[in-house]
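Architecture at a glance
One letter stands for each residue in the lines below.
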Amino acid sequence: MGIVVVLILFVIVGGVLWLVTKLLNSNNVHKRGRYAYTRRVRMVFGGYLAILIVSLLLNTLLPVKGLNQLEKVDRKELTSEGIVLYDDALAGQVDEKFLREKWNFDYKGEKLSIASSTATYQSAPIVVERKEQNDGKIEAGFYMTKSSMNGLDITQYVQLPELDLIRDKLLLSNSPINEIRFSQFTNVFAVRQFTGDRLFSHNSTFEEGQWIFYLKVPKDLKLETSGLSLQYVGG
Amino acid sequence: MMSLTKVRLWDVVKQQYRYKLKGYIQVFMSMVVLQVLALIFSLNGVGNAGASGGLLNVNTSYFSADFVLAFTMLWGFITAILITTKAYSNDDFIFVTNRLSSHLSNVLFLVTASILGGLTTILSTFLLKVIVFLFKSDVYLASSADLAAPMTLLVGVSSASLYILLLCSLGYLVGTLIQWSKLFAVLLPAVFVGGLLLNALSGEAGILAVLYAFFMTESSFPLFFLKVVCTSVVLFWGAFGLSNRLEVRP
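None of the values given here were measured: they were computed from a predicted structure.

This paragraph deals with the overall build of chain B. When helices and strands are counted, chain B shows nine helices and three strands. Along the chain direction, N to C, the helices and strands of chain B fall in the order α-α-β-β-α-α-α-β-α-α-α-α. Here chain B holds 250 residues, and the buried ones make up 42% of them. Sequence separation of 24 or more characterises 82% of the internal contacts of chain B that already satisfy a separation of 6 or more.

This is the structure:
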């Protein structure tokens, strides 16, 4: 592995050396038309410098997407919120402030199968509360506490799951897939060594919020699952 | 031929320096080309990190001008070697000159080149940001690097310039060694690459690790400044000393 790195380094360094030498030698000072070339170099360098300065100005003017809207969150608070959400749900007192999505279905059948179309929800925490009457209605909710990336609230980027009632089957799916891509700028290493940041490695902290599906089903509805685990309120 | 005019050293150095700024201007063309190339390489990010929870998959790309600085340091190294070659050093004889004035004007030119290299390297961070903001649709995470604080810019330009100057002084010594004996043109790369391979094979920390620890882990800017300036002075001084052993130009 070490040798491969050295060889790659050697190829890159060699390539750069070759390029610089070629560029410098192809425009030797002794070449005819030197003054015209000098002017050309000045124009290219001046143009490049101008672009860099304009970029600096644009940086202070451009509204950066995502950068300013993200709020800071307390990681300890997030962890305790997650525990509270889960315990409250099992006690049948789920806090509505964590509700992200809600579904209502009319269902007259005696049996209901709950399934997932993706592996994502195979280990999904599904909490079921039986109502006190058979009202023929299924109420479902997706609850989730805040998620954070480097101490910033990224909950707004979480794609919500989908829930559909297809005949006698309640199907969980996640469309679109929850793949979030972040970009972060770091100072050049010549600055990082004085700011206490890591020199050539990067550190990110990601915490996913606690999430559960909470179902309220008619009193006598029989539930079946294929691979999913159900937890009952008060059970 | 004898000259009746008494020429002061500093005047000659200034004249030669001015001449070199115009005469060696092509080196800045190669710097621009290299920095643009490094910026293109940087568009994919200098690092990636992925994490997955039960529900979410996150991927973070890190962007910085690390490649630009590394390429510019290499450029400084090559530029310093090239100005020690006969094709360049013979230009000095346009003026009434001696080796000292020639060296001093070369050092001044390399210091200027290092400052320009450091300045453009740090400014290129902002060009990289604009390109990524405009053409990538990711979510941006705030970091201290987003603040164009004057102090950070000043430290950035200074330290980047010092790194380039360090490589320039090393290149100047290497170039002078090669002028002294062409054998070094083969010997030095062989020793360098061979040493790297041997270190990689044995798993030992080599000279690069020592240099890394000495310069790059220094967290105090004044100390870093002292280290780089002292090392550069020693390297330039070594080149001066060696060149005195070179044959006099016919």
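So that's the structure; there's more coming.
Further remarks concern the sheet that holds strand S10 (residues 206–207) of chain A. Strand order across the open sheet formed by three strands is S6-S5-S10 (chain A), with antiparallel pairing between neighbours. The two strands at the open ends of the sheet, each matched to only one other strand, are strand S6 (152–153) and S10 of chain A.

With that out of the way, let us pick up the pairing of strand S7 (residues 162–166) of chain A. All names here are of chain A. Two strands pair when backbone bridges link them, and S7 and strand S8 (residues 169–173) are joined in this way by five bridges, in the antiparallel orientation. Its bridge partner lying in S8, Asp164 is registered against Leu171. Hairpin connection from S7 to S8: two residues lie between these consecutive antiparallel strands, with Arg167 at a positive phi of about 50°.

Packed helices, taken two at a time, are described by their axes: the angle between them and the distance between them. Residue and element names in this part refer to chain B. Helix H6 (residues 150–180) packs onto helix H3 (residues 66–83) with a crossing angle of 30° between their chain directions and a minimal axis gap of 7 Å. Between H3 and H6, the crossing angle belongs to the class labelled roughly parallel. Pair H3 / H6 crosses with right-handed handedness. Touching Leu69, Thr72, Met73, Gly76, Phe77, Ile78, Thr79, Ala80 and Ile81 of H3 are Ala160, Tyr163, Ile164, Leu167, Cys168, Leu170, Gly171, Tyr172, Val174 and Gly175, all from H6.

Here we take up the interface of chain B and chain A. Listed as interface residues are 76 residues of chain B and, on the opposing side, 68 residues of chain A. Among the elements that make up the side of chain B that touches chain A, the one with the highest residue count is helix H5 (residues 99–135) of chain B (twelve residues). The class makeup of the residues in the side of chain B that touches chain A is 46 nonpolar, 22 polar and eight charged. Pairing analysis gives seven bridges linking strand S9 (residues 179–185) of chain A to strand S2 (residues 57–63) of chain B, with the strands arranged parallel. Residue pairing in the sheet places Arg181 of chain A in a bridge with Asn59 of chain B of S2 of chain B.

Let us now look at the environment of Arg130 of chain A. Residues and elements named next belong to chain A. Tracing the backbone through its elements, the reader meets Arg130 in strand S3 (residues 126–130). Looking at Arg130, the number of C-beta atoms within 10 Å reads 19, which means it is partly exposed. In the structure, Arg130 is positioned 91 residues away from Leu221 in sequence and 8.4 Å away in space, judged by C-alpha atoms. In this view, Arg130 contacts Val217 and Lys219; residues no more than four positions away in its chain are not counted.

On to helix H1 (residues 9–23) of chain B, then. Residues and elements named next belong to chain B. Taking 1.5 Å of rise per residue, the 15 residues of H1 would be expected to cover 21 Å, and the 20 Å separating its terminal C-alpha atoms lies within 8% of that figure. Of the residues making up H1, those classed as buried are Val12, Val13, Gln16 and Lys20. Looking down the long axis of H1, one finds its buried residues gathered within 100° of arc, a one-sided arrangement. Seen from the open side of H1, the exposed residues pointing more than 90 degrees away from its buried face are Trp10, Asp11 and Lys22.

Compared with an ideal rise of 1.5 Å per residue, which puts 31 residues at 45 Å, H6 of chain B spans 44 Å between its outermost C-alpha atoms and is within 8% of the ideal. Across the 31 residues of H6 of chain B, 24 count as buried, placing the element largely inside the fold.

Thresholds, definitions, all that
Position numbers for residues start from 1 in each chain and track the written sequence from start to end. Just so you know, chain letters begin at A and ligand numbers begin at 1, following the order they were written in. At least 70 in pLDDT is required for a residue's local features to be given in this predicted model, at least 80 for side-chain atom pairs to be given and counted, and no such filter applies to totals for whole chains, interfaces and linings, which use all residues. A run of H or I in DSSP becomes a helix once it reaches four residues, and a run of E becomes a strand once it reaches two; helices and strands are each numbered from the N terminus. Put simply, a residue is buried when 20 or more other C-beta atoms lie within 10 Å of its own C-beta and exposed when 12 or fewer do; between those, it is partly exposed, and each C-beta is set from the backbone. Note on contacts: residues are paired as contacts if their backbone-placed C-beta atoms lie within 7 Å. Two strands make a pair as long as DSSP finds a minimum of two bridges between them. Simply put, an axis is a line fit to the C-alpha atoms, just over the touching stretch for a helix, and the angle between two N-to-C directions goes from 0 to 180 degrees. In these notes the angle categories are as follows: under 35 degrees is roughly parallel, over 145 is roughly antiparallel, 65 to 115 is roughly perpendicular, and the rest is oblique. When the near helix sits turned anticlockwise from the far one by under a right angle, the crossing is termed left-handed; a clockwise turn instead gives a right-handed crossing. We call Asp, Glu, Lys and Arg charged. Ala, Val, Leu, Ile, Met, Phe, Trp, Tyr, Cys and Pro are nonpolar, and the rest, Gly among them, are polar. Expected span of a helix: the number of residues minus one, times 1.5 Å. An arc is given here, and it is the one of the directions from the helix axis to the C-beta atoms.

So, to be careful, I would describe these as geometric facts and stop short of saying anything about function.
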